[in-house]
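Overview (structure and organization)
What follows is the residue order along each chain.
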Amino acid sequence: MALLLKIVGGVVLLVIVAVGLAIAIVPRFLDRIYYIGPDSDHFDGARFFNPDGDDTAAPPAGGSRGGFLWRQLSGSDGRPSWPDAVPVAAGKPAERIDGDRMVATWIGHATVLIQTQGLNILTDPVYADRAGPFGFGPRRVAAPGIALADLPRIDLVLVSHNHYDHLDKDTLKRLWERDRPLIVTSFGNDSVIAQTGAQATALDWGQSAQVRPGISVAVTRNHHWGSRWFTDRNRALWSSFVIRLPSGGNVFFAGDTGFGDGNWPAEAAALGPVRLALIPIGAFRFAPGQMSSGSHIGPAEAALVHQRLGATRSIPIHWGTFRLSYEGYDTPPRMLAEAMKVTGGTGFTPVAIGAATDVAPAGAVGATPPMDRADMMRRMDTPAVKALR
């Protein structure tokens, strides 16, 4: 008996020592230095930050981060049910679309194929079945709208930041080995992408890369954060993009973003008329009635982004693929319709996953009275909106 107690005591001691070492060592091990460079108005020499105020650090529903993660993993927050799977009619795109014609196909979440000027452009390509590390994380409920094998040769890939639902290393590796596309991202994410063997051009906000004569990609500000392992929080920068085209108007990809000061859409619009904008509308609700979080705009704010961009056509993304938050499966597009009634604007409506959408050239956008966020939220306080879970 005494021997057994000694053995048990030794095992307990070893477990205590192992846990203590893990607490001391693992966080540092999981931290990474993705970028080294001079300080700026959004980089303090170690980590990036939102210059318009950081409201992305606290859990979006309040309380502890551990409690938030448990509720997310367990679904124990009273959230509305989602379908296990939704039907998708996968498309097979053309090899190329030449000239000013533009065709956009939503593949799912923030992944969109844009074809114009003989270029095939892919945003935040994610083909993983789960959005998380080691096979964990939310499971895809909508199959990709274009099978990876059916994608045409990709010329340009935009990667907005390093979260798992936006930077999928396996997909990037496969695209790189097949097509060797130009990959454009913001500072630090190139280090993560390099782990796949792929090479990326990493830029700061306000910088641009030439794709070919007359076509370039500008990296622009948005309002978010980055991390692969929690302890490496904000070691890499997040961004939106403007693809500047020679005619027909530009393409804006918002990436993943909160509203922040709400001025960043105008900064992107200053680079030229926006023909097509890809704007997130989902993963905004983490408590009943919540309309947005610091990290994610909801449909109401997305309608304001569309208005401030002066976009001729916007496609809502970042909804209906991975369940990342509290709102019901079809709440984002239904709420967006209500928000567009409030602004009186047009051109911001959902598309089906896998459906090729022709995008008209940028044109005169009907003038609507500029609206601030407080007024939008006040006017969205209606029975119809409150009924949306």
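For the structure, see preceding data.
What comes next concerns the included structure. This is a predicted model, so every value here is computed, not measured. (Residues numbered from 1 in each chain as written. Predicted model: local features only at pLDDT ≥ 70, side-chain atom pairs only at ≥ 80, totals over all residues. Heavy atoms only, no water.)

1. With respect to the pairing of strand β11 (residues 274-280)
Here is the rule we go by: For every residue, the accessible area (1.4 Å probe, protein chains only) is compared with the maximum for its type, and the residue is labelled buried under 20%, exposed over 50%, or partly exposed between those bounds. Strands are runs of DSSP state E lasting at least 2 residues, helices are runs of H or I lasting at least 4, and numbering of each runs from the N terminus. Orient the strands so they point away from the viewer; a crossover is then right-handed if the path from the first strand over the helix to the second runs clockwise. DSSP-based pairing: two strands are paired if at least 2 bridges between them are found.
Most of β11 sits out of view: 7 of its 7 residues are buried. The parallel pair strand β10 (residues 250-253) and β11, bridged by helix α5 (residues 264-269), forms a crossover whose chirality is right-handed. Of the pairings in the sheet, the one linking β11 to strand β12 (residues 313-317) comprises 5 bridges and is parallel in character. Pairing of Leu276 across the sheet is with Arg313, part of β12. Taken together, β11, helix α6 (residues 299-309) and β12 form a β-α-β motif whose crossover is right-handed.

2. Digging into the environment of Ala58
Within the secondary structure layout, Ala58 lies in the loop between α1 (2-30) and α2 (65-74). Taking relative accessible area as the criterion, Ala58 reaches 54% and is therefore assigned exposed. Through-space distance from the C-alpha of Ala58 to that of Gly294 is 8.8 Å; in sequence the pair is 236 residues apart.

3. Topic: empty space enclosed by the protein
Counted only if it meets this: Here a cavity is any set of points on a 1 Å grid over the protein atoms alone where a 1.4 Å probe fits but cannot get out, and a pocket is any open set with protein on both sides within 12 Å along at least 5 of 7 lines; a residue lines the site when it has an atom within 4 Å of a point. Grid points are joined across faces, edges and corners, and a volume is the space filled by probe spheres set on the points. Each residue gets one of three labels, nonpolar for Ala, Val, Leu, Ile, Met, Phe, Trp, Tyr, Cys and Pro, charged for Asp, Glu, Lys and Arg, and polar for the others, Gly among them.
What the rule picks out here adds up to 1 cavity of 30 Å³ or more. If you add up the space inside the largest cavity, you get close to 40 Å³. Residues of the lining of the largest cavity, tallied by class, amount to 5 nonpolar, 4 polar and 1 charged.

4. Thoughts on unusual backbone geometry
Phi at Asp124 is positive, roughly 35°, even though this residue is not glycine. As for its position among the elements, Asp124 is in the loop between β3 (119-123) and β4 (156-158). For Phe230, which is not a glycine, the phi torsion comes out positive at approximately 70°. Note on placement: Phe230 falls in the loop between β8 (215-220) and β9 (240-244).

5. Description of α6
Defined as follows: Whether two residues touch is decided by their heavy atoms; if any such pair falls within 4.5 Å, the residues are in contact.
Of all 11 residues in α6, 10 are buried; the element is thus mostly enclosed. Three or more residues of α6 are buried, namely Pro299, Ala300, Glu301, Ala302, Ala303, Leu304, Val305, His306, Gln307 and Leu309. Those residues of α6 hidden inside the fold are in contact with β10, α5, β11, β12, α7 (331-343) and α8 (373-379). In the segment just after α6, Gly310 is the residue with positive phi, at about 65°.

6. Topic: the packing of α6 against α7
This is how it is decided: Think of each axis as a best-fit line through the C-alpha atoms, taken over the contacting stretch in the case of a helix, with angles from 0 to 180 degrees between the N-to-C directions. For classification, angles of less than 35 degrees are called roughly parallel, those exceeding 145 degrees roughly antiparallel, those between 65 and 115 degrees roughly perpendicular, and all remaining angles oblique. By convention the crossing between two helices is left-handed if the near helix lies anticlockwise of the far one by an angle smaller than a right angle, and right-handed if it lies clockwise.
It is at 8 Å that the axes of α6 and α7 come closest, and there the two elements cross at 50°. In terms of orientation, α6 and α7 fall into the oblique class. Both α6 and α7 take part in a crossing whose hand is right-handed. Residues Pro299, Ala300, Ala303, His306 and Gln307 of α6 touch α7, and the partners they reach there are Pro332, Met335, Leu336, Ala339, Met340 and Thr343. Here the contact of α6 with α7 is built from residues that sort into 8 nonpolar, 3 polar and no charged.

7. Looking at the pattern of salt bridges
Let me state the cut-off plainly: For this analysis, a salt bridge means a side-chain nitrogen from Lys or Arg found within 4 Å of a carboxyl oxygen belonging to Asp or Glu.
A full pass over the atoms with the stated rule returns 13 salt bridges. A salt bridge links Asp52 to Arg221; its shortest N-O distance comes to 3.2 Å. Taken together, the positions of Asp52 in the loop between α1 and α2 and Arg221 in the loop between β8 and β9 put the pair 169 residues apart, joining distant regions of the chain. Residue Asp52 is classed as partly exposed on the basis of its relative accessible area, which comes to 23%. A salt bridge links Arg373 to Glu301, with the shortest nitrogen-to-oxygen separation between them at 2.4 Å. You can see Arg373 sitting in helix α8 and its partner Glu301 sitting in helix α6, a full 72 residues away along the chain. Overall, the relative accessible area of 2% leaves Glu301 in the buried class.

8. Some details on the side chain of Asp168
For the record, the criterion: Under the counting rule used here, the positive set is Lys and Arg, the negative set is Asp and Glu, and His together with the chain ends is not counted. In protein, a polar contact means a hydrogen-donor-capable atom and an acceptor-capable atom, both N or O and within 3.5 Å, with residues adjacent in sequence counting only if both atoms are side-chain atoms; elsewhere, any N or O pair within 3.5 Å suffices.
Relative to the elements of secondary structure, Asp168 occurs in the loop between β4 and α3 (169-179). Buried charge without a salt bridge: Asp168, with Arg140 as the nearest opposite-charge side chain at an N-O distance of 6.3 Å. At 3.1 Å, the side chain of Asp168 and the backbone nitrogen of Tyr127 are in polar contact. If near-sequence neighbours (up to four positions away) are discounted, Asp168 is found in contact with Pro125, Val126, Tyr127 and Ala128.

9. Re the environment of Phe253
Turning to its location among the elements, Phe253 is positioned in strand β10. Residue class for Phe253 comes out buried when judged on its relative accessible area of 1%. The sequence separation of Phe253 and Ile243 amounts to 10 residues, and the corresponding C-alpha distance is 8.3 Å. Those residues within four positions of Phe253 in sequence are excluded, and the remaining contacts are Ala110, Thr123, Asp124, Leu158, Ser160, Ser240, Phe241, Leu278 and Ile317.

None of this, on its own, says anything about what the molecule does.
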